[in-house]
Amino acid sequence: MWTYEEASLLRLEEIFSATLAGINSLVLQPLLPPAPEPSGAWTRECLQLLQQLHESSQWLWRVTEESLHSLRERMHHQDSSSTGLESLLLLHGAERVVQAHIEYLECYTSCVVAQAFQKAAKRRRAYWRDQRKVLQRLLSDVGSVSSEGAVGPLLVQTFCQPLTHHVQQYVLLLLSLGDTILENHPARELVVHAATLFGNLQSFMSQALDEAKATQALWPTLSSRLRDKLCKPADRRLLQDSRDIPVKVSPLRADRVLLFRDSLVLLQGHHVHSFDLKLVWVDPGQDRDTFHILTPEEEFSFCAKDPQGQVVWQRKVTQAVRQALCGKKDFPVLGEDPELPEPPTRRCEAYTFQEEGRLCQATYEGEWRWGRPHGKGTLKWPDGRNHVGNFSQGLEHGFGICLVPQADEDKFDCYKCHWWEGSMCGYGVCEYSTGDVYKGYFQEGLRHGFGVFESSLMASQPCKYTGHWEFGQRSGYGIGEDRDRGEHYIGMWQADRRHGLGVLVTQAGVCYQGCFQVDKMVGPGVLLFEDDSVYEGTFTQDLSLVGKGKITFANGFTLEGSFSSGTGRGLQTQGVLDTAGLPPDPSSIHQRQLGLGAFPVESRWQGVYGPFQDFVQAGCPGDLQEALLGFHVQSSKELRRYQEYLCCERTPPEDSMDSIADILEQLLQHREPGALQQYLKKALSNSLHPLGKLLRTLTLTFQATYAGVGANKHLQGLAQEEVKQHARELWAAYRGLLQVALQQRGQALEDEDAQTRDLQVHGLMLPLLLPSLYPELFTLYLLLHEREDSLYSQGITCLSLFPDTRLLEFLDVQKHLWPLKDLTLTTNQRDSLVRDKCFLSAIECLQKMITTVDPREKLEVLERTYGEIEATVSRVLGQEHKLPMDDLLPLLIYVVSRARIQHLGAEIHLIRDMMDPTYTGGLYDFLLTALESCYKHIRKEDMQLHRVPRRWTAW
């Protein structure tokens, strides 16, 4: 049935549509000039506002026409089920209709605030005086209009009065329509919802019109200077004025307080303090008589004269902040809902600091909390400096990347570091515009702790330093490399200079150990030459021999006395030359190891161990995990992604490291011996795992110490004890992580005795550590035993000239042990040299020794080789046979000579130094001793082979 309310709605829409059409054609069109006019500030602004009003009026007219069309359709087809109340646009599209009204209202109130109608009327005063009756006719349907008065106010009424009357009638008719519909009617919910929306719109319109009138009335009360500063933009609305409800501001002084829709303004004389509401926080505080305002650079409190005024100011400021953050005016309006949600304390905005200080003129864009940068953001200065990263309470805190421009064009110093309360603190990577790079720890913005500094190759004095720092200077134990002079320094530093005990290695192979003072050699020291000559005496500077000393030459001669040297004079001495001495034993040369005892192995790399220990003692907090021994950024592309994550994204990158909670949980799940070994192997190879980070840094220090010029045979002992110490520290690091994991479950870690610890260090951790350090370590063994291995190689070459049977005979292997059945020789083969046919399985087994770096696995290869020899002998004898040492040694010499393992001496000594001490006196010790005897025997055989009869060289 077609109801009275629906008929009234149809009539209402027809009148409103006609009114809008008349306003557009008779009023708005004449207000807009047909051609561009001379531009002025107010002209451009007014024309722009009127144009926006024209566009919003047309949209509102189109929506009204659609609503009118849906009403007519229902009237003509009221018996059809498809044209029920649900078909009315006013019901099913209520949100769209309301939005059209709001947009029109916003444009209208902007024109009111900017006095666009009055200014437009003045431009064509005569025309509008003749159009007064037209305006009165447009308003005749909504109330009486005075025929007197200026045209400007009449224009204001023309654009507003039809709208307010129209919305008011909407509310009345929708409420009446809702009363006529039964509770279970399908359209009742739509009618109630539409009535609610238009009821809120009516209140919203009333408040918006009041704000526009108050804003328009504000401008005449201000001086022209203040009006010019505040009357922007045109859509600015006054929400509260301290002249209406007085309020006191402290500690700032304010003659007048104005709350606009977008800002809070404090006026003091001709000075304006304006605060963007998006960066205003309202803190109620504990005192009911005051509430506090927090902004990026100011903090002040509001205190009204009475409690009611206090409530109004606090609620209006709070609501204005929330609306500014939302970007629109809220429904319902102020005062209708006592439980409005508080504005969020965390926000993401941009702000430029104005106050004097380190942030003056800097622009911050990112996350805020209670008036301070807090979270992820970017800070930029006008001079080109910028910092992107984490902030806390207004200061750089957490990981961040800082770019500092230099005088040269397009050159920056780049600091990728962890920060603490505004200063670099923790691990960082600094790439300087000069090409220098520092990777290490900072404290209070200075290099402090372990770090690596490497100068540019183009620097005047290219160098590299790996070691400890104190407040920006090299101090403590460190490795210095002077690439220009080809010198490698290992030792103590103080105040950026070599100071204390140290070892100096030159590119020519000369080694010095002694004392340094302010970068110069002083006092007694030892100088080792490449030819194994030794000088023991005093030094004054560089490597010059000055003072009393003694030189022991490689041939055993000694020269003892006083030495001096000068430019162009060479070395001068006055002393005694002793030529009766014999050449030193090679084993004594091996014992000339530098640095042992001078630098306790436990204290060399405390700058690496210390941060890890602090991390564990703190309970392995997740926020410090990345700062532990460096962050994982492999490429510039990945770094750019990481910067985007810091600035914009709110989810971690896909390849972010596992959380420390997961790592600790995995520790507890892999405590059994077999599982533990696999877990540690995986952890140490993972550069994101704390243990992997620690190993990666220890590998870096090892390479810096013993690679390049540092690859000197006199440093083998220093490296050997360092490797073992690293294994002990890694095991302690694992135990520390395990203890934290157990403590989080309320359990305790069982104590570990020294014997158990040594077993785990040598049997478990050392084999896992060695692959990372093996290249540099084995090189030192090669250099130290180079002369012995050269004699061994000569012996192998001579023994390779023998056929198998002749070699077995030469080595005095009992003939009943010869595997002759393995030799199926033709006549032609008997006339040639036959090699590598006997004990072939044992030879192939022994050759596998060089395929592993684990001392235990090398010993296991030796054990299998021994088993293969015995198996071959047992097959020859036709029964199981255990070889005594007298029979085993010549057979083992044969197998070793045919295996032709290079650098066997270096291999043997490395196994002996690195094997588990528990093997001493056992089978492995016995087999290794036998292999050592073979090695020594082969080295001596080269002299005997020259006496071998010529007939032995053929079968």
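Caption draft 1: Just the pairing of strand 12 (residues 386-392), in detail. Taken across its 7 residues, strand 12 has 6 buried, putting it largely inside the fold. Pairing between strand 11 (residues 372-380) and strand 12: 6 bridges, direction antiparallel. In the strand pairing of strand 12, K380 is matched with N386. The turn joining strand 11 and strand 12, which pair antiparallel and follow one another in sequence, is formed by 5 residues; a positive phi near 105° is taken by G384. Taken together, the 6 bridges between strand 12 and strand 13 (residues 395-405) define a ladder with antiparallel strand orientation.

Caption draft 2: Structural view of the environment of E396. Along the chain, E396 falls in strand 13. Using a relative accessible area of 4% as the deciding quantity, one classes E396 as buried. Taking the C-alpha atoms as reference points, E396 and P373, separated by 23 residues in sequence, lie 8.7 Å from one another. Not counting residues up to four positions away in its chain, the partners in contact with E396 are R358, L379, W381, H387, N390, F391, W419, W420, E421 and G422. Reaching out from E396, the side chain makes a polar contact with the side chain of R358 at a distance of 3.0 Å.

Caption draft 3: Quick look at the sheet that holds strand 5 (residues 271-276). One open sheet holds the 4 strands; their spatial order is 1-3-4-5, and the pairing between them is antiparallel. The open sheet has two edge strands, strand 1 (238-241) and strand 5, and neither has a second partner. If you compare each strand with its neighbour and ignore which way they point, the axes differ by 20° on average. Taken together, the 3 bridges between strand 1 and strand 3 (residues 256-260) define a ladder with antiparallel strand orientation.

Caption draft 4: Looking closely at a nonpolar patch on the surface. A cluster of nonpolar side chains, namely M885, L923 and F926, defines an oily patch on the protein surface of about 240 Å² accessible area. Looking at the element boundaries, F926 is found in helix 27 (residues 923-945).

Caption draft 5: Structural detail: the packing of helix 13 (residues 606-617) against helix 17 (residues 690-706). Running from N to C, helix 13 and helix 17 cross one another at 170°; their axes reach a closest spacing of 10 Å. The angle between helix 13 and helix 17 falls in the class roughly antiparallel. Counting all contacts with helix 13, which are made through V608, Y609 and F612, the residues of helix 17 involved are P690, L691, L694, T697, L698 and T701. Across the contact of helix 13 with helix 17, the residue classes break down as 7 nonpolar, 2 polar and no charged.

Caption draft 6: Inspection of the sheet that holds strand 8 (residues 299-304) at higher detail. The strand order across the open sheet built from 4 strands is 2-8-7-6, with neighbouring strands paired in antiparallel fashion. Each edge of the open sheet carries a strand with a single partner, namely strand 2 (247-250) and strand 6 (281-283). Neighbour-to-neighbour, the strand axes of this sheet turn through a mean angle of 25°, independent of strand direction. Across 3 bridges, the pairing between strand 6 and strand 7 (residues 291-294) is antiparallel. Bridge pairing in strand 7 places W281 opposite L294. Sitting on the sheet, helix 11 (residues 307-326) is in contact with strand 2, strand 6, strand 7 and strand 8, with an inclination near 135° to strand 8.

Thresholds applied
Residues numbered from 1 in each chain as written. Predicted model: local features only at pLDDT ≥ 70, side-chain atom pairs only at ≥ 80, totals over all residues. Heavy atoms only, no water. Buried < 20%, exposed > 50% of the residue type's maximum accessible area, 1.4 Å probe, protein only. Helix = DSSP H or I, 4+ residues; strand = E, 2+ residues; numbered from the N terminus. Pairing = 2+ DSSP bridges. Contact = heavy atoms within 4.5 Å. Polar contact = N/O pair within 3.5 Å; in protein donor to acceptor, adjacent residues only side chain to side chain. Axes fitted to C-alpha atoms, helices over the stretch in contact; angles between N-to-C directions. Patch = residues over 30% accessible without salt bridge, like charges linked within 9 Å, V, L, I, M, F, W, Y side chains within 5 Å. Areas by Shrake-Rupley, 256 points an atom, 1.4 Å probe, with all protein chains shown as cover. Salt bridge = Lys/Arg side-chain N within 4 Å of Asp/Glu carboxyl O. Parallel < 35°, antiparallel > 145°, perpendicular 65-115°, else oblique. Nonpolar A, V, L, I, M, F, W, Y, C, P; charged D, E, K, R; others polar.

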